[in-house]
Structures are given as structure tokens and as C-alpha cells.
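Breakdown of the fold
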Amino acid sequence: MSHYIILALMLFIYMSFWFFISLLKKRNDVADIAWGIGFILVAWTSFFLSGNFSVRSWLVNILVSIWGLRLAWHINIRNKGKSEDYRYLTWRKEWGKWFYIRSYFQVYLLQGTFLFLIILPVLLIHENVGLNFNPIDGLGLLIWLIGFLFEAIGDAQLKNFIKNPINKGRLMQDGLWRYTRHPNYFGEVTQWWGLWLIATNVPNGWFGIIGPLTITILILKISGVPLLEKKMTENPEFAEYKKRTSIFIPLPLKVSNEKK
């Protein structure tokens, strides 16, 4: 049986399992925890199926594991003791009697499909030994590290901001959030471009560009930035924040709008 078919079947079972968990817990945001863990599961299954234990294969799997574990833990802590995430609550109301069927296909199975596309650079690395470890790998690792720091630090800064009762009703605008309205999303996208760059060292690795392109489109156009920007417009501070702060790529503040 093809390597990819085995991974696809495993991913189908994995996402179906999390759908049943969502039924038991009566909340669909468990899908966000499943997201990071799913990448780890697919990466290591592919690693052992391929039998390619090269330095490059070890490297990308370790990077995916660090990213996935941190993200899953962060989301688990963020959601603990709170009501279901606002996105899923909205869909619960909008989808009505079709909620469970649409959840299974449009949240869990669709998310599994995106996961499979995004992790493609890692799967291609496992399939091919490629060139010896070289400066391109080092550059890809550096890009991944920059992305990881933006995502992890951005999440931590927002978490600490929200925890402080003095900030209730206010909008996070300090730290990394001073230079981009979505440092965590920028970080996540950047990490996958770094992994793709590493994949260019193996035969047909360039084809893995499907991965970073998929996560970039998802976050910039579909499920990430657009949804959060819509929610942020409810805050009276957002209009001014939007004028002076880059939406995605970190940039200096627009001088003409900075506080004197």
C-alpha cells in the first residue's frame, strides 16, 4: 500500500476520533488541539514508514514536534474553563440541525485535508535522502526559528495581556503586536516556509511549496486573519490601531500616526 494512502487513512481515522471527542465534550474547539498533534502524528508515522533516518528527516520532525506540542498545549490552556470558541459557537447557531454533519465534513475532515497538504514538504523529505546537510538547511532552520519565536512570544504576550484585569475591554497593541496585528499567525506561516526551504534540498522538494501556500492562503484569506479582524472591529481602539500597524508582515509603525 502506498505511503501516502496509509497516511491519508490514518489521518481520516484520527480526525474522525476527534469528531467523536467533540460530541462527548459538546464543543468543537477540540479541533484546534487536534491540529498541532495531528502534524506530529503524520510526521513520525511517515518517518518510520519511509525508513529514511537522515539528519534532515530528524530535523524537520523535531521542528514539527516542537511547534505542534507548544500549539496544542497553548490552545488547551487557553480554552480550559471557558465556553466554546466564538467561531464554533457562531457556526453552531448558523448551521442549526445540520450542525453535526457539517462539523464532521467542514471542520474535521476538511481540516485533515489541509493538514495533509501543509505537511507535504516534510513527507517529501522523508521520501528522499537528497543533498548533504548544507547552508540552505541552515537558512530554512533560521526562518523556522524566527517564525516560532513570533508565534510563541506573540501568544505569550497576548495571554499575559488578557490575564491582567486592567486590560479588560482593551486591545493588545504592545510587544510584537506593535508591529503586526497578527504576530502569531505571521509566525505560523513563516515556520512552514522555512520547512519548505529545507525540502528544496531533496528531489521534487520544490513541489512541497503546496504546503506553505496552503497555510498562507488559509490564514490570510479564510480562517485566520479575516475572522479575527472582523471580531477586532468591535473594539473602539481598533480603527486607530489598524491605521498605524501592519496587518501581517511586521513593519515599523507609520510615523504620522504614532502617539506624540
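Please read all numbers here as calculations on a predicted model, not as lab measurements. (Residues numbered from 1 in each chain as written. Predicted model: local features only at pLDDT ≥ 70, side-chain atom pairs only at ≥ 80, totals over all residues. Heavy atoms only, no water.)

1. Describing helix α10 (residues 225-232)
Burial in α10 covers these residues: Val 225, Glu 229 and Met 232. End-on view of α10: buried residues confined to an arc of 60°, all on one side of the axis. Contacts from the buried residues of α10 go to α8 (183-199), α9 (210-222) and α11 (238-244). (Buried < 20%, exposed > 50% of the residue type's maximum accessible area, 1.4 Å probe, protein only. Helix = DSSP H or I, 4+ residues; strand = E, 2+ residues; numbered from the N terminus. Arc of directions from axis to C-beta. Contact = heavy atoms within 4.5 Å.)

2. Some remarks on the packing of helix α1 (residues 3-25) against helix α2 (residues 30-50)
It is the contact of α1 with α2, at a shortest axis distance of 10 Å, that shows an interaxial angle of 155°. The angle between α1 and α2 places the two elements in the roughly antiparallel class. Pair α1 / α2 crosses with right-handed handedness. On α2, the residues that touch His 3, Ile 6, Leu 7, Met 10, Leu 11, Tyr 14, Trp 18, Ile 21, Ser 22 and Lys 25 of α1 are Val 30, Ile 33, Ala 34, Ile 37, Gly 38, Leu 41, Val 42, Thr 45, Ser 46, Leu 49 and Ser 50. Across the contact of α1 with α2, the residue classes break down as 14 nonpolar, 6 polar and 1 charged. (Axes fitted to C-alpha atoms, helices over the stretch in contact; angles between N-to-C directions. Parallel < 35°, antiparallel > 145°, perpendicular 65-115°, else oblique. Left-handed = near helix turned anticlockwise from the far one by under 90°. Nonpolar A, V, L, I, M, F, W, Y, C, P; charged D, E, K, R; others polar.)

3. Some details on the confidence of the model for the protein chain
Taken over all residues, the pLDDT of the protein chain has a mean of 93, while the share at 70 or more is 97%. No element of the protein chain has a lower mean pLDDT than helix α4 (residues 86-95), which averages 86, and none a higher one than α8, which averages 98. A low-confidence stretch, residues 256-260 (pLDDT under 50), is modelled with 5 contacts involving residues beyond four sequence positions or located in other chains. (pLDDT = per-residue confidence, 0-100.)

4. Some remarks on a nonpolar patch on the surface
Taken together, the side chains of Leu 139, Leu 142, Leu 145, Ile 146, Leu 149 and Ile 153 present a nonpolar region at the surface, about 490 Å² in accessible area. Note that Leu 145 resides in helix α7 (residues 135-163). (Patch = residues over 30% accessible without salt bridge, like charges linked within 9 Å, V, L, I, M, F, W, Y side chains within 5 Å. Areas by Shrake-Rupley, 256 points an atom, 1.4 Å probe, with all protein chains shown as cover. Salt bridge = Lys/Arg side-chain N within 4 Å of Asp/Glu carboxyl O.)

5. A word on the pattern of salt bridges
What the rule picks out here adds up to 9 salt bridges. The partner of Asp 29 in a salt bridge is Arg 27, and the shortest N-O contact between them spans 2.8 Å. One salt bridge connects Glu 237 with Arg 170, and the closest N-O pair in it is separated by 3.9 Å. One end of the pair, Glu 237, is in the loop between α10 and α11; the other, Arg 170, is in the loop between α7 and α8, with 67 residues separating them in the sequence. Note on Glu 237: relative accessible area 25%, which makes it partly exposed. Here the salt bridges share partners, and the residues they tie into one network are Asp 32, Asp 85 and Arg 87.

6. Notes on the nonpolar core
Looking at soluble globular proteins, one finds that nonpolar side chains tend to be buried together. Ranked by internal contacts, the top residues of the largest apolar core, which has 55 residues, are Trp 18, Trp 35, Phe 39, Val 42, Tyr 108, Ile 119 and Trp 192. Other than its neighbours up to four places away in sequence, Trp 192 contacts Phe 39, Val 64, Trp 67, Ile 118, Ile 119, Val 122, Pro 212 and Ile 215. Of all hydrophobic cores here, the second largest spans 7 residues; its members include Leu 171, Trp 177, Met 232 and Tyr 241. (Core = buried A, V, L, I, M, F, W, Y, C linked by side-chain atoms within 4.5 Å.)

7. Comments concerning the side chain of Asn 79
Structurally, Asn 79 is set in helix α3 (residues 55-79). The buried category is assigned to Asn 79, whose relative accessible area is 12%. Of the polar contacts made by the side chain of Asn 79, one reaches the side chain of Arg 78; its length is 3.4 Å. With residues near it in sequence (within four places) discarded, Asn 79 still touches Arg 27 and Asp 29. (Polar contact = N/O pair within 3.5 Å; in protein donor to acceptor, adjacent residues only side chain to side chain.)

8. Some remarks on the environment of Val 30
By the secondary structure assignment, Val 30 is in helix α2. Other than its neighbours up to four places away in sequence, Val 30 contacts Trp 18, Ile 21, Ser 22, Lys 25 and Tyr 108.

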